[in-house]
Amino acid sequence: MDFEQLNIENEVMEFDASGSMEDDTAALDLENHDDDYERDYNDESFEGSNRSTSNVFLTHNGEEPNLEPYEGMEFDSEQAARIFYNSYARRIGFSTRVSVYQRSRRDGSIICRQIVCSREGFRREGGENRSKRQRTITRVGCKAQMTVKKQSSGKWAVSKLVKDHNHELVPPDKVHCLRSHRHVSGPARSLIDTLQAAGMGPSGVMSVLIKESGGINNVGFTKVDCQNYMSSSRQRSLGSGGQIVFDYLKQMRAEDPDFFCAVQGDFENLTGNIFWADPNSRMNYNYFGDTVTFDTTYRTNRYRVPFAPFTGWNHHGQPVLLGCALLLNESESSFVWLFQTWLAAMSGRYPISITTDQDQIIRAAVVQVFPETRHRFCKWNVLREAQEKLSDLYHARPNFEVEFQKCINVTEKIDEFESCLESLLQRYDLGDNEWLQSMYNARHQWVPVYLRDTFFGEMSINQGSDNINSYFDGYINASTNVQVLIKQYEKAIASRYEKEVKADYDTINTLPVLKTPSPMEKQAANLYTRKIFMIFQEELVETLAYPATIIDDTGSETMYRVAKFGKDHKTHFVRFNIFEKKASIICRHILAVFRVTNVLTLPSHYILKRWTRNAKSGVLLDQCTLGLPTALKYVEEGAESVPIYNVAMAALQEAAKTVAAAKKNGSGVHQSALDNGSPQLQSYSLDQDKEIQALTAELENASLQCEAYRAKLKYKTNQVRNTKLKKEKLIMHI
């Protein structure tokens, strides 16, 4: 598709979800940028913030990353394509911005995006209301661009590429001044806040930043950016939009007592933070709260609103919401308050793992609040920071970036990673680099090979650790303001719900195609959700190319050597106890051992319920201790009887009022006092009343079951009605 003509606001482009043309489609959207100055890449190009969950980018055939773009090159996401093209632009010496895009008529999602040189196009003629201030002309009609289009596989492929520029490129020592390569990172913001609080001005702050970064080229932004951030931080508030958020939280609390919200400090002055979690988020945590991501994308991408969601993964591998925060204060005590409040909303149950950015303040807060939880840094943030800290090296030795990422992403054993990194540091003389040394010291918190003993929600061993799962992709971005935040928040929730319903439907009503006669494949097809089964099936089929050979059979365990046929240099060793049928995590290498040892079905201890069709079924807590077995019994019977169903629902609603009253009057349960109009935060204790906790959780579970039975009743009613109509038509026909 040719997008060179930009004067086509009224033209209609038609695409379906897979990117093919349709007869009636969504219109082409044009982003209206300031014509006389390039837009900030970090404001616009990160719209949606859809983080890649494997490498930063992929080639079309799985080869190692290529620094030069080419037509057909594939990426995991639109976000990954933008990151790659902007990284390429930094090395070459130009700035980028996003341009036109198309949306799918089917679901409204973006399916085609053009990323251009910031000097593309020409300045528009100003009207009477335009500023009379003379501005530098930066648009010179440059044609350089990269267009990416979403494929049916979900990958994004380069469909058009123009490399030639009609202007001079910027030398490496000046490239940090280009807008798309300037941003105040999270760690830099924390340092600026600290220095500003100590009374230091912009010049002094920049001097410290330059010294800490090893030169002005490594700071990543200019003095003007620093001044702007310091100015905005003094006045940081939600402004008039704060009342919209406040009113929304009051309304939700009034409508549903299980809606959790809290405000730190004085809401009127907006000096603290705001947190909320709807009942679905709290229920989701009961099923999928084993791994959590705290997404602070706003800190690195200069979002207008400091919006930070807690997210996880559901049984379809889709992002699921676990709470939201607006962070107006980024001190350590504020993050401690936020994590403690979130934990209180989630019944005080700690997750197995949590993923955040590597900011020192967040790290300190996680240690205090989640001492037993495995803390991982987002690898994407680490690699982005590497571009800043090692920018001179990236410019002078472009191959280093490829080798560095390969060392992180491809190595499969700890000693292999250590050897690879040591060799890399020696060849590029980086043994004394302080940033690399600090990240090496923290390697257990971000390098994938050190994290494979803990569950982080990845659905395959090769998925990597770029686990920023953007729940609000396409709804909340750098240009979103507080006035539209709640509206976009609710749209995102509705869209995610529809996608989960669709995935549930596909799992229940469509039969997967089996590729082998293996009983294990048939078992998995009936056990897992459709998405998870497809991943398992791929691993199972791959075992046909992985022979397993015994190399040690002297003890209680047998050692197997597993290597892909024809690639003996990539060898894996699997210890397997034939009596207990235990090995390490399920992957193609373990499955290869199962095949040669005649293990025909998956042992039960390898099956995680959270990935199965029944992930949301069953009772979360012991019914006998909760006092609700009778109600649940009637609910189950209500699947066949409407009157009994109505009685059970009435009982549950009465129980809900009782729990709400107990929570309101109890000394342990914390909610922000939004109901009575007082914005002050009430004191609370994390040691909540266990009986109320348990009753609330069980009530939520019972309500969920009621919804399921209600859907079943509706389905059966429709069946009876349709049968009756058919009979009537048949009688009339006779």
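An unreviewed UniProt entry lists the protein chain under the name Protein FAR1-RELATED SEQUENCE, with Quercus rubra as the source organism. According to the UniProt record, the Function (unreviewed entry) comment for the protein chain is "Putative transcription activator involved in regulating light control of development." The UniProt entry for the protein chain carries this comment under Sequence similarities (unreviewed entry): "Belongs to the FHY3/FAR1 family."

Draft legend 1. Quick peek at the overall build of the protein chain. Looking only at helices and strands, one finds 22 helices and 16 strands in the protein chain. Across the 734 residues in the protein chain, those meeting the buried criterion constitute 51%. Here the analysis covers contacts within the protein chain between residues at least 6 apart in sequence; of these, 64% occur between residues at least 24 apart. For the protein chain, the exposed area adds up to about 34,800 Å²; of that, 51% sits on carbon and sulfur atoms.

Draft legend 2. Just helix α9 (residues 332-345), in detail. For α9, built from 14 residues, the straight-helix expectation of 20 Å at 1.5 Å per residue is met to within 8% by its first-to-last C-alpha distance of 20 Å. Burial within α9 is extensive, with 11 of its 14 residues counted as buried. Turning to α9, its buried residues number three or more, namely Ser 334, Phe 335, Val 336, Trp 337, Leu 338, Phe 339, Thr 341, Trp 342, Leu 343, Ala 344 and Ala 345. Looking at the residues trailing α9, positive phi occurs at Ser 347, about 65°.

Draft legend 3. Broad picture of the side chain of Arg 530. Take Arg 530: it is sitting in helix α18 (residues 530-542). Other than its neighbours up to four places away in sequence, Arg 530 contacts Asp 506, Thr 507, Thr 510, Leu 511 and Pro 512.

Draft legend 4. Spatial organisation of the nonpolar core. By size, the foremost hydrophobic cluster in this structure holds 31 residues, and its most contacted members are Phe 275, Phe 294, Phe 310, Phe 339 and Trp 342. Broken down by secondary-structure element, the contributors of at least two residues to this core are β7 (260-263), β8 (274-277), β9 (291-294), β10 (307-313), β11 (319-326), α9 and α10 (360-369). With near-sequence residues (within four places) excluded, Trp 342 lies in contact with Phe 275, Tyr 285, Val 292, Phe 310, Leu 322, Pro 351 and Phe 370. Membership of the second largest hydrophobic core comes to 26 residues, among which are Val 574, Cys 587, Val 593 and Trp 611.

Draft legend 5. Quick peek at the environment of Lys 413. Within the element layout of this structure, Lys 413 appears in the loop between α13 (399-409) and α14 (414-427). Lys 413 gets classed as partly exposed once you look at its relative accessible area, which sits at 34%. The contacts of Lys 413, once residues within four sequence positions are left out, are Val 449, Thr 571 and Phe 573.

Draft legend 6. Seen up close, the packing of helix α17 (residues 519-527) against α18. Two elements in contact, α17 and α18, have axes whose closest approach is 9 Å; the angle formed by their N-to-C orientations is 170°. In terms of orientation, α17 and α18 fall into the roughly antiparallel class. Between α17, through Met 520, Glu 521, Ala 524 and Ala 525, and α18, the contact on the second element is made entirely by Phe 533, Phe 536, Gln 537 and Leu 540. Here the contact of α17 with α18 is composed, by residue class, of six nonpolar, one polar and one charged.

Draft legend 7. Here's a closer look at unusual backbone geometry. One non-glycine residue, Ser 347, lies in positive phi territory at about 65°. With respect to the helices and strands, Ser 347 occurs in the loop between α9 and β12 (353-356). Judged by relative accessible area, which is 32%, Ser 347 ranks as partly exposed. A positive phi angle, near 55°, is found at Asp 429, a position not held by glycine. Among the structural elements, Asp 429 can be located in the loop between α14 and α15 (434-441). Judged by its relative accessible area of 70%, Asp 429 is exposed.

Procedures and definitions
- Numbering of residues begins from 1 in every chain and follows the order in which that chain's sequence is written.
- In keeping with the model being predicted, local features are shown solely for residues with a pLDDT of at least 70 and side-chain atom pairs are shown and tallied solely at 80 or more, while totals for entire chains, interfaces and linings include all residues.
- For side-chain calculations, the full set of non-hydrogen atoms in the structure is used, while hydrogens and water are omitted.
- UniProt positions are given in the numbering used here, feature names are shortened, and annotations may be inferred rather than shown by experiment.
- Runs of H or I in DSSP of at least four residues are treated as helices and runs of E of at least two as strands, each being numbered from the N terminus.
- Exposure is judged per residue with a 1.4 Å probe applied to protein chains only, and the accessible area is read against the type maximum: over 50% gives exposed, under 20% gives buried, and values in between give partly exposed.
- Whether two residues are in contact is decided by their heavy atoms, any of which lying within 4.5 Å being enough.
- Every accessible area reported is derived by Shrake-Rupley at a probe size of 1.4 Å, with residue values counting cover from the shown protein chains alone.
- An expected span of 1.5 Å times one less than the residue number is assigned to each helix.
- What we call a nonpolar core is a set of buried Ala, Val, Leu, Ile, Met, Phe, Trp, Tyr and Cys residues that are connected through their side-chain atoms within 4.5 Å.
- Inter-axis angles, ranging from 0 to 180 degrees, are taken between N-to-C directions of lines fitted to C-alpha atoms, where helices are fitted over the stretch in contact.
- Oblique is the label for any angle not covered by the other classes, which are roughly parallel (under 35 degrees), roughly antiparallel (over 145) and roughly perpendicular (65 to 115).
- Just so you know the grouping, Ala, Val, Leu, Ile, Met, Phe, Trp, Tyr, Cys and Pro go in nonpolar, Asp, Glu, Lys and Arg go in charged, and all remaining residues, Gly too, go in polar.

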